[in-house]
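# Coordinates in review
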Amino acid sequence: MFANYKFVKLRYSLSAASRKNFLESPWGHEHTKLFKERCSLPLIFFNQHRNFARSPCIENQTEFIKGRSVSSYPQRVSVGSVFKIVHKPKNVHLVPHLYYNEILTQTELGHLQWILKKDLLSQDVFLMGPPGSARRHLALAYAELTSREIEYIGLSRDTTESDLKQRREILTNSAKYFDQTAVRAATEGRLLVIEGIEKAERNVLPLLNNLLENREMNLEDGRHLVGAERYDKLLKEHGEEKLETWKLVRVHEDFRVIALGLPVPFFKGNPLDPPLRSRFQCRSIVPLTNEEMILRLRSLAPNAPAEKLETLTNFAYSVVWSNDPDFRDSEENPWAITLTHFPLESLSDAARLLNLYPKMSLYRLLLRLYPYELVLERTKEINDGKTGEVTAVEEILKKSGFRIEKSPKLTKKLPKSVKGLLNYVPIESQEVVLSEMLESYEVGKDVCLIGGKGSGKSTLVSRFSDILGYKVEPIVLFKDMTSRELVQQRSTKDDGDTTWINAPLIRAALEGKLALLDGIDQLHPSTLSILYRLVHDRELQLHDGSRLLRWDRYDTLKTNNGFTDDILNNVHGIYRTHPKFYIVATACPPHTARGGKSQKQWLTPELLSVFFYHQMPEITVDEELEVIEMFCSTGGLSEIMEKMVRTARSLRQSNESSKKSLASSLSTRQMIRIAQRSERFNAVDTGHGPFEEISRACLARFLPQLNKDELESTMAANGIRPTVRKGSNITKRIEIFDNLLTIGNTRAEILGDTAFKSKVPQLLFYNIQQHVVALEELLRDYLLGQHLLLVGNQGVGKNKLVDQLLYLLNRPREYIQLHRDTTVQALTLQQNVTDGVVYFEDSPLVRAAREGHVIIIDEADKAPTHVTCILKTLAECGEMILSDNRRIVPKTVMEQHYQHLGEEELHKIIPLHPEFRMFVLANRPGFPFLGNDFYSVLGDLFSVHAVDNPSFESEMELLKKYGPEIPLEFLERIAKAFGDLRTLADEGTISYPYSTREAVNIVKHLQKYPRDTLSEAIDNIFDFDVYNNELRKTVRRTLKKHKLEPTEGILLRKRYTDEGELKVEMIPISELPTLERSGTLNPLRYSDKKFTESDFGGPKHGKVDPNGAPHVGGNTWAGGSGGRDTAGLGGVGGPYRLDSGNPVFQVSDAVKQALSPEARKMARAMAQKAFDEKLLEIKMSKYEGNVYEEYLAPIRPQIAALRVILNSLQAKAKERKWIKHQTSGDMDDTKIIEGVVGEKNIYRRRQDENPEPGDPQQKPKRLMLVVDVSGSMYRFNGYDRRLDRMLECALLVMEAFEGFEEMFQYDIVGHSGDDYKLPIVEHGKLPRDNKERLDIMRIMHLHSQFCSSGDNTLEATDEAIKTLATQVEDFDESFVIMLSDSNLERYGIPPKELSKILNSHEDVKSFAIFIGSLGDQAERLKLQLPPGKAYVCLDTTKLPQILQRIFSETILA
């Protein structure tokens, strides 16, 4: 709307000296050209003594404008035919300066005239429009033109009643109320500008309703605001003294409100409350016309190529117009879709950039304004032929003349660093981004650098600041960060008075630093909006009432009014924003969902208008090797290291989400760590190679099998295979000699005793071989200066390992245990109140950083990731800002930026001790822990170690240490049993991962109480599971296998004791017998019987042999084999399949081909008739419980295990959140000072968190199970039970997902020779009981018996994937699981076709399970399909486990 603040100056408001300096500046030249090239505008200022004549000529207007700064009041301001008399303001420092731009368009003048009309009508106004600063600039320009003092407040979800009305502060040991923005504006007759109406919570703004309607409001200090007219009437009737007694305060008649908001629901936000809406007059602030914008850009950028300006502007407006319903339906609209709003205001900055660099790439410039690949739907093909948004945009760009450049070249040499960066490698692709960032800096546009974890964002920002000579103020952003914490924080003075302390961002603005906003993708959009005015205008009104003014506005105010810095700062609370202040934000790319749209799209239209966006490039293999080589002392990399880099590269470039998730574990930072470790230690450890290094970095031990298979196949494709260990029988030892610690082949110096000797851990630790190897690995990373992350199941010894290492090194440690309610403040500082003064006590983390201790951060996965993410800068660069304004700073930064500080400033610096280390302990991600995935968020910053249960040999060694008097046979049985239980847990048969801790506890019990029975000691561990019938059976079978007998019974259990006289004997409940299917499998035999076409007499059922004898090769008996015409198996010409349980003889395909088409048709008709009769019989039959139990019993454990996972997942999803700003509940430790001064909303409560306005709806997951009900399933069921397995699978889905319909929706579709999309179970019509589930299974069974021959596996799978692909927007995730036999060769179906179909849509995860095989047919087929996409299941009991694994590792990931 208005030209950028760097180029817009009101010449009449400058003194002669200031005007001279201004006109000689670059932006002064721009302004002069702009001013001369435009015609005069119908907006004129007059002194009351001048004639009320309107002058259209620029000379007269210039004369009147020049006279304004020295003219007397009152004045008349007119816009067109509407005018107002303005008076001299009482507080000139509260009147906006340099917002009015003389070169206004007719569109802008129309808005100003409308506001003036509403002002004259004493009406409050609401300016509604798209994101950007235009609405705010319009309001402030109006205030400047009419000499109105303003009060400004930006709303967020953290805004409370005290921010609008009155806030209580402690002054001279007394609590006093201080008026806030709304009250000050009302009583002083100011213009109240409220921005971000849609961001405030719905219960906050209604308190303004009465103030807006009647100009009345009750205040917390007992006063009452009264409208001017009513107050004056009361004053005449009762006198001033009486009104003061009544505590009435007059609302000034000039008080007005200008509210600024976005149109909701078009943009995200809370809709206007109807009572509040009715009190405003609304104006839609439409953008400039295309022609007006081009004229403005040409004036701003005379050196910029006109065609480039027009091309860029036309594209921008076409994107904006794609949201206009009228334009969308017009023939001129090139879009078939609606696109994210384009930030039109950024075109001015783009024009100035083109003015400086006319030859720059227009496409690269566009990406800074509108990074469409990050905000739009990614490219994909849809069924109806439409393409994704990214593809559509690129097609229009090409037609518009843009040259799409994905890999630009560096065209200029970058300046040298001021002080230089250690180990910086100038990579060309990153240097291109750096040069573009420097270009953005030249036009004063703040930038946002977007890139994945470990992509080099921090290094590039360091290089950027180093070139420009900036001191960096790192600010780590987190999810629960409030607007107060971002701007100002409340504290107390030594005398107990409350005060406000500027946050690092404000200090950076005042001192001219580079503010690094690290992780704006983590910050809530509402909180981030508080910064928009600071970014756009370099101005901000702070919580304590003080204000930041842009440097030129501050200087103008100071010069024109004779103010001094002391008066402006200490009397008026006006501070000068430093001209060098600059903001760089960093963020990870938006997480794109399976449906194409982002699940967490932080890059909103509002934020697009704030920064220029630069994306970190994907460096080449050679560039990455060059970077890694820089960090290695030998200056060269082995061939093995190159293979590792190429493996990481393969994962990063994959389109499969599972591989991309693995790639995040192999960032360049992690590869550097691996290279350093390999260079220093692997020469003496030939058993630890690249396979093990990559597996460790990716936590392969805890990966889902699908991801693990993909990782190993990718490594194998790049020539990396498991290392063959040489000398594996060599025992590693721990030795201490001459103050040196030796673990295996690694040595370290032992720290001498210090004053903190008591903090060195002391523990019982047995040096079993597996733990000694783990200790050596930990020691190696410790010597490399790394922070460590240990991940593993419970009870595997994580705490023991780190404590033993510190004990051996004689290192003191601090300890902190995280939990669900851990806050950022609790992790760093603890607030305490003593005698009314708030003191901050250092947390163990801060103490460890200061003293050089090791901090043990335990249970890191229990705390919210937005809390633990504040460790990022501490782990990455050794810096951290504390809530009391102190900062932890490493020695190198101290030497560079903090050499000349005063004593007071030095007290705020905590030098980071060089020996400080972080050891973080966490449970592995996923089920059954279901904690927060610390590893995925911050694992890249740590050296990762997977801690597993000991091997059998190591566990035996450990158990012998704890139970030296227990027979060796007992210990072996315990170790083997626990090994089997862990295998069952890995397979998914049981959910609980039994650990070494539990095995040790059994042994410790028996060692201490040898008279107790083994059963009693075992019960101490397994009594948790006595009420879980299926789990109890599985555990008991495993224990009995190793002759470990748990106590019989559940409730009526035998408990014996030989101590005392009391004995209770209870009778056990005998377990119910389970039904098992009987019968033996029939081997496949082939018949040599020959038939000609004349032999066939027509289909018939055949005679029934009462003795069930086998019949082969004839045409008389029903249930025969290898014959013709009758119902049976393996023959030809019969109406349908019929299994008599006898051996089956299969005729050749050549014999089958001899059957005439007429005979086939007759057989099919008879089969259809029989099928219809059977179907009718099913619907009328009674429920057969034994048949249902026959299928249910073998899979009951898998159903129970899967339902446990689903229940845990549902419980985690419904876990309540902390809701702040409550008037009751638990005390919020971040609001202690507010509690001291007596504020009400200082509590927090756990409750269900409502979704944010505009957030995507919580959607269920969608599963489509494609089952094979073809004739071969029935035909070969007697051979390998494939049809039984198919029915079990369908039953597993129906039983396990019952009751979870809100989370999961499933369909079961079948395919056979008849059709490829047979509806069996529809997600809206799920079976309600066992009867309906049995009916479905019998229908599947009958269809397989009576259907035509043929195979539609490919068609059915393709149709299922396409169906779900059209519905991805409606579901969180979509899955297709295809069950079939592997009989594809018979129908000439190549595996490549199936592979292509399984990978046909990236938003639908697809899998194939082969449940039947002739010979090794299934295994051969699996090897030809993508890794992790295919499973072979020829064992009845394994199919549910495979299905459960897919569910738990993909659907529940």
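Analysis parameters
Residues numbered from 1 in each chain as written. Predicted model: local features only at pLDDT ≥ 70, side-chain atom pairs only at ≥ 80, totals over all residues. Heavy atoms only, no water. Helix = DSSP H or I, 4+ residues; strand = E, 2+ residues; numbered from the N terminus. Buried < 20%, exposed > 50% of the residue type's maximum accessible area, 1.4 Å probe, protein only. Contact = heavy atoms within 4.5 Å. Areas by Shrake-Rupley, 256 points an atom, 1.4 Å probe, with all protein chains shown as cover. Pairing = 2+ DSSP bridges. Axes fitted to C-alpha atoms, helices over the stretch in contact; angles between N-to-C directions. Expected span 1.5 Å × (residues − 1). pLDDT = per-residue confidence, 0-100. Phe/Tyr/Trp six-rings, centres within 6.5 Å; stacked < 30°, edge-to-face > 60°. Core = buried A, V, L, I, M, F, W, Y, C linked by side-chain atoms within 4.5 Å. Left-handed = near helix turned anticlockwise from the far one by under 90°. Nonpolar A, V, L, I, M, F, W, Y, C, P; charged D, E, K, R; others polar. Patch = residues over 30% accessible without salt bridge, like charges linked within 9 Å, V, L, I, M, F, W, Y side chains within 5 Å. Salt bridge = Lys/Arg side-chain N within 4 Å of Asp/Glu carboxyl O. Lys, Arg positive; Asp, Glu negative; His and termini not counted. Charge placed at Lys NZ, Arg CZ, Asp CG, Glu CD.

Quick look at the overall build of the protein chain now. The helix and strand inventory of the protein chain stands at 60 helices and 51 strands. For the protein chain, the proportion of its 1453 residues judged to be buried stands at 56%. Taking the intrachain contacts of the protein chain between residues at least 6 apart in sequence as the baseline, contacts between residues at least 24 apart amount to 74%. Counting every atom, the protein chain has about 62500 Å² of accessible surface; 51% of that belongs to carbon and sulfur.

Right, let's get into the sheet that holds strand β33 (residues 854–858). The strand order across the open sheet formed by five strands is β30-β33-β37-β29-β38, and the pairing between neighbours is parallel. Of all strands in the sheet, those with a lone pairing partner are β30 (813–817) and β38 (943–947), marking the two edges. Each adjacent strand pair in this sheet contributes to an overall mean axis angle of 20°, direction not counted. Taken together, the five bridges between β30 and β33 define a ladder with parallel strand orientation. Bridging from a neighbouring strand, Q817 pairs with D858 of β33.

This paragraph deals with helix α25 (residues 551–561). The complete set of buried residues in α25 reads W551, D552, R553, Y554, T556 and L557. Buried-residue contacts for α25 involve α24 (532–537), β20 (547–549), α26 (565–571) and β21 (574–576). Within two residues after α25, G562 carries a phi angle of roughly 70°, on the positive side.

Time to look at helix α5 (residues 134–145). Taking 1.5 Å per residue, 12 residues should reach 16 Å; α5 reaches 16 Å between its end C-alpha atoms and fits that length. The buried fraction of α5 is high, at 12 of 12 residues. When α5 is considered as a whole, its buried residues turn out to be A134, R135, R136, H137, L138, A139, L140, A141, Y142, A143, E144 and L145. S147 sits one or two residues past α5 and shows a positive phi near 55°.

It is worth spelling out the confidence of the model for the protein chain at this point. Overall, the predicted model of the protein chain reaches an average pLDDT of 79, with 77% of residues at or above 70. Least confident of the elements in the protein chain is helix α3 (residues 58–68), whose mean pLDDT is 29; most confident is β21, at 96. Note that residues 379–386 has pLDDT below 50 and, in this model, 15 contacts with residues that lie over four places away or in other chains. Per-residue pLDDT stays below 50 along residues 1066–1079; that stretch engages in 25 contacts with residues further than four places along the chain or on separate chains.

Take the sheet that holds strand β5 (residues 150–154) next. On the basis of which strands lie adjacent, the open sheet formed by five strands has the order β5-β8-β12-β4-β13 and parallel pairing. Both outer strands of the open sheet, β5 and β13 (281–284), are each paired with one neighbouring strand and no more. When the angles between neighbouring strand axes are averaged without regard to direction, this sheet yields 20°. By the bridge criterion, four bridges tie strand β4 (residues 125–128) to β13 in an arrangement that is parallel. Across the sheet, residue L127 finds its bridge partner in β13, namely R283. Running at roughly 160° to strand β12 (residues 256–261), α5 makes contact with β4, β5, β8 (191–195) and β12 of the sheet. Contacts from helix α7 (residues 181–188) reach β5 and β8 within the one sheet, and its direction differs from that of β5 by about 160°.

This model, assessed by the stated rule, comprises 20 aromatic pairs. Each ring, one from F315 and one from F402, has its centre 5.7 Å from the other, and the planes form 65°; the classification is edge-to-face. Of the two residues, F315 is situated in helix α13 (residues 306–321) and F402 in the loop between α18 (389–400) and α19 (428–442); the sequence distance between them amounts to 87 residues. What makes F402 buried here is its relative accessible area of 5%.

Soluble globular proteins: nonpolar side chains tend toward being buried together. Grouped together as the largest cluster of nonpolar side chains are 131 residues, with contacts concentrated most on F342, L347, Y370, I520, L607 and M918. It is α13 that provides the largest number of residues to this core, a total of seven residues. Excluding anything up to four places from it in sequence, L607 contacts I520, L528, Y532, W602 and Y613. By size, the runner-up hydrophobic cluster in this structure holds 47 residues, among which are V1267, L1292, M1294 and L1326.

For the pair helix α15 (residues 346–356) and helix α16 (residues 362–369), the least separation of the axes is 10 Å and the interaxial angle reads 145°. In the crossing of α15 with α16, the sense of the turn from one axis to the other is right-handed. Contact residues: S346, L347, A350, L353 and L354 in α15; L362, L365, R368 and L369 in α16. Tallied by class, the residues present in the contact of α15 with α16 amount to seven nonpolar, one polar and one charged.

On to a negative patch on the surface. Together, D622, E626, E629, E639 and E642 make up a negatively charged patch on the protein surface. Put simply, the parts of the chain that give the negative patch at least two residues each are α28 (621–630) and α29 (639–653). A total of three residues in the negative patch trace back to one element, the largest contributor, which is α28. For E629, the location among the structural elements is in helix α28.

Across the seven residues of strand β49 (residues 1374–1380), seven count as buried, placing the element largely inside the fold. Neither face of β49 is left uncovered, since the one carrying S1374, V1376, M1378 and S1380 and the one carrying F1375, I1377 and L1379 both have all their residues buried. Inspection of the sheet shows strand β46 (residues 1261–1268) paired to β49 by five bridges, in the parallel sense. Bridge pairing in β49 places L1263 opposite F1375. Sheet topology note: the β49/strand β50 (residues 1404–1410) ladder contains seven bridges and is parallel. In the sheet register, L1379 faces β50, and the bridge partner there is I1409.

Counted under the stated rule, the structure contains 73 salt bridges. Taking the shortest distance from any N to any O, the salt bridge between E149 and R190 comes out at 2.9 Å. Placement of E149 in the loop between α5 and β5 and of R190 in the loop between α7 and β8 is noted, with a sequence separation of 41 residues between them. Between R780 and E777 there is a salt bridge; the shortest N-O distance is 3.6 Å. Of this pair, R780 and E777 both sit in helix α34 (residues 769–783), separated by three residues, roughly a single helical turn. The buried category is assigned to R780, whose relative accessible area is 1%. The network of salt bridges with shared partners includes R677, E693, R696, K732, E776, E777, R780 and D781.

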